[in-house]
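# Per-entry structural report
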Amino acid sequence: MVDTVEALVDGGKASAGPPLGPALGPKGVKINEVIAAINEKTKAFAGMKVPVKILINENKTFEIKVGTPPMSALIKGELGLESGSSNARTTKVGNLTVDQAKKIADMKKFDLLGATVKARVLEVAGNCVCVGVTIDGKDPKVFQTDVKAGVYDTVLV
């Protein structure tokens, strides 16, 4: 039987403290080995929260599956923001280029519902509304309307 522990950790900076230490302690695995493996696998996401799933076998061996950070974290990371807007409706804190939105859509490719690049970029734009970020200098909802109208068809292929 496989035991599972799921947690949200800082990329490349997981520690034996909460949430991992208390969850792994009773499982009988070598916590330091698990932490080292998580840090190695998540170092590319430094500065972001990353979901990890640790599968622990009966013989105390383990496998680590790393998810992608939440979309809002990727948007903020791409723009170098500490946090999103405190009032996303009136205060914009950054501007994504179409290429940056496409890059984020590619990073989250397997977690998004959209079957095409265009559909996934629309999902990124939806998250930009909540974070208080514009895309290509436009309000995200206006950008979504333009994408649906075909304005960006040459770029989003």
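Scroll up a little and you will see the structure.
Quick look at the structure, then. (Residues numbered from 1 in each chain as written. Predicted model: local features only at pLDDT ≥ 70, side-chain atom pairs only at ≥ 80, totals over all residues. Heavy atoms only, no water.)

## What about helix H2 (residues 31-42)?
For H2, built from twelve residues, the straight-helix expectation of 16 Å at 1.5 Å per residue is met to within 8% by its first-to-last C-alpha distance of 16 Å. By the burial criterion, the buried members of H2 are Val34, Ile35, Ile38, Asn39 and Thr42. Buried residues of H2, viewed axially, fall in a sector of 130°; they line one side. Taken together, the buried residues of H2 touch strand S1 (3-10), helix H1 (20-24), strand S2 (49-56) and strand S3 (62-66). (Helix = DSSP H or I, 4+ residues; strand = E, 2+ residues; numbered from the N terminus. Expected span 1.5 Å × (residues − 1). Buried < 20%, exposed > 50% of the residue type's maximum accessible area, 1.4 Å probe, protein only. Arc of directions from axis to C-beta. Contact = heavy atoms within 4.5 Å.)

## Regarding the packing of aromatic side chains
Inspection of every chain in the model, using the stated rule, returns one aromatic pair. With a centroid separation of 4.8 Å and an interplanar angle of 50°, the aromatic rings of Phe143 and Tyr152 are classed as tilted. On the accessibility criterion, Tyr152 (7% relative accessible area) is buried. (Phe/Tyr/Trp six-rings, centres within 6.5 Å; stacked < 30°, edge-to-face > 60°.)

## Notes on the pairing of S3
Every other side chain in a regular strand lies on the same face of the sheet, so the side chains alternate between the two faces. Across five bridges, the pairing between S2 and S3 is antiparallel. Across the sheet, residue Val52 finds its bridge partner in S3, namely Val66. Counted along the chain from S2 to the antiparallel partner S3, the turn is five residues long, and its residue Lys60 has a positive phi close to 70°. (Pairing = 2+ DSSP bridges.)

## With respect to the environment of Lys138
Turning to its location among the elements, Lys138 is positioned in the loop between strand S5 (133-135) and helix H6 (140-149). A relative accessible area of 23% means that Lys138 is categorised as partly exposed. Taking C-alpha positions, Lys138 is 8.3 Å from Asn95, a pair spaced 43 residues apart along the chain. Within the structure, the side chain of Lys138 is placed 3.0 Å from the side chain of Tyr152, a separation counted as a polar contact. (Polar contact = N/O pair within 3.5 Å; in protein donor to acceptor, adjacent residues only side chain to side chain.)

## Things to note about the nonpolar core
By size, the foremost hydrophobic cluster in this structure holds 23 residues, and its most contacted members are Ile75, Leu96, Val124 and Phe143. Counting only elements with at least two residues in this core, the list comes to helix H3 (71-79), helix H4 (98-107), helix H5 (117-131), S5 and H6. The biggest single contributor to this core is H5, with seven residues. In this view, Phe143 contacts Val98, Val121, Ala125, Ile135, Asp136, Lys138 and Tyr152; residues no more than four positions away in its chain are not counted. (Core = buried A, V, L, I, M, F, W, Y, C linked by side-chain atoms within 4.5 Å.)

## Structural notes on the environment of Ile64
You can see Ile64 is positioned in strand S3. Between the C-alpha atom of Ile64 and that of Arg89, which follows or precedes it by 25 residues, the distance is 39 Å. Residue contacts for Ile64: discarding those within four places in its chain leaves Val34, Ala37, Ile38, Lys41, Lys53 and Ile54.

## Focus on H6
If you check which residues of H6 are buried, you get Pro140, Phe143, Gln144, Asp146 and Val147. The arc that holds every buried residue of H6, seen down its axis, measures 165°, which confines them to one face. Within H6, the exposed residues directed more than 90 degrees away from the buried face are Lys141, Lys148 and Ala149. Those residues of H6 that are buried lie in contact with H4, H5 and S5.

From the geometry alone we can't say anything about function, so treat these as descriptive.
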